[in-house]
Amino acid sequence: MAPARASSPSPSAGDGTDGATRHARPRASRARRSVAGPEDLHVAAALIVAHDAARRIAATVRAALAIPGVDLVLVVDDASTDNTQQLARKAGAVVVRHSHPRGRTASIETGASVIAMRDEPGREPRAILLLPGVLGHYAVGAAPLVAAVTEHVADLAVARADGRARVEGPSTKVARRAVERASGWTPEEPLGPVRCLTREALEAAMPLARGTGLEVAMTLDIIHAGLTVTEVECDLGDVPRAGSMGAGTSKVTRYRDVMMAISARRMRGALSQTQTAISSRMPGGRDPEEDE
């Protein structure tokens with residue numbers, strides 16, 4: 001696994017990679033918290049959003065706990081009407097519950113806040129592995145994502161279906177083009193829902209976009225922050241792909257969500273460039289707001 005390089009979508013001989021797609025976005029220079037001992041290495045939390053997932057939630061939790069480096073599994077029960085929360089707790093997860101359905105984005109934000117409260121001061125924050133509650137025993141297949149992030153190969157690692165053709169729907173195509181335009185890298189699964197990222201990368205993507213736009217917005221925000229993104233082949237069975245975690249959502253709604261997320265980031269980028277240009281023209285390069 002290695003951060004992507006735009007010039008080559010496949011690994012070159014002797015570069016130490018194992019097939020992860022790579023991109024050219026340079027990593028910003030920044031300090032990481034020091035590693036004082038073995039306990040500071042390979043620490044991650046699995047964040048599972050579940051709604052009426054009683055059939056598979058216990059298997060998903062047990063599989064997530066079996067991933068090397070995962071020392072916490074947090075399930076956000078988004079107002080399930082079945083016994084999802086009880087089964088998750090019995091399987092070994094910490095569970096928080098929404099009293100009414102709030103959706104996947106709000107559930108991830110809730111879970112991320114709880115995980116942050118459980119991080120120990122003075123140690124590097126846990127990486128966060130995002131898993132759907134329906135994965136069952138296939139959740140253990142996300143282990144390569146955790147390794148890629150906790151070993152500082154990339155700030156965001158996205159699961160790419162092992163041996164399966166890439167998704168070619170309209171929402172995926174427009175998301176793929178947006179990421180390529182921003183980084184020069186063409187992802188296979190720009191809307192892939194199974195992903196692992198550092199706390200720093202997650203904060204760069206806050207507030208998270210809503211609906212199907214969540215994944216592409218997260219990727220674009222992380223790239224624009226100067227952080228690294230990669231895709232890693234994972235065996236996840238028949239996990240839903242292309243951000244289609246919202247069952248029953250129409251193609252038109254999914255496309256709208258993706259376009260809104262992309263457009264919002266284009267506007268934000270344009271405003272930032274305009275402000276930079278204005279600032280550079282001020283005497284001494286001052287920001288005009290400083291003179292107000």
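Nothing here was measured: the structure is a model prediction, and the numbers come from that model.

Examining the pairing of strand β7 (residues 229-234)
Consecutive side chains of a regular strand alternate in pointing toward one face of the sheet and then the other. Counting buried residues in β7 gives five out of six residues, a clear majority hidden from the surface. With six bridges connecting them, strand β5 (residues 156-161) and β7 associate as parallel partners. The partner of L156 across the bridge, within β7, is V229.

Brief notes about the environment of T230
With respect to the secondary-structure elements, T230 resides in strand β7. Remark: the alpha-carbon pair of T230 and A154, spanning 76 residues in sequence, is separated by 6.4 Å.

Some points on helix α1 (residues 57-65)
I57, A58, T60, V61, A63 and A64 are the residues of α1 that are buried. In this structure, the buried residues of α1 make contact with β1 (44-50), β2 (70-78), α2 (84-91) and β4 (127-132).

Some points on unusual backbone geometry
In this structure, P207 follows M206 across a cis peptide bond, with omega equal to -5°. Structurally, P207 can be placed in the loop between α6 (199-204) and α7 (214-224). With a phi close to 60°, A79 is a non-glycine residue in the positive phi region. Residue placement: A79 occurs in the loop between β2 and α2. The class for A79 is buried, based on a relative accessible area of 8%.

Calculation criteria
- Residues numbered from 1 in each chain as written.
- Predicted model: local features only at pLDDT ≥ 70, side-chain atom pairs only at ≥ 80, totals over all residues.
- Heavy atoms only, no water.
- Buried < 20%, exposed > 50% of the residue type's maximum accessible area, 1.4 Å probe, protein only.
- Helix = DSSP H or I, 4+ residues; strand = E, 2+ residues; numbered from the N terminus.
- Pairing = 2+ DSSP bridges.
- Contact = heavy atoms within 4.5 Å.

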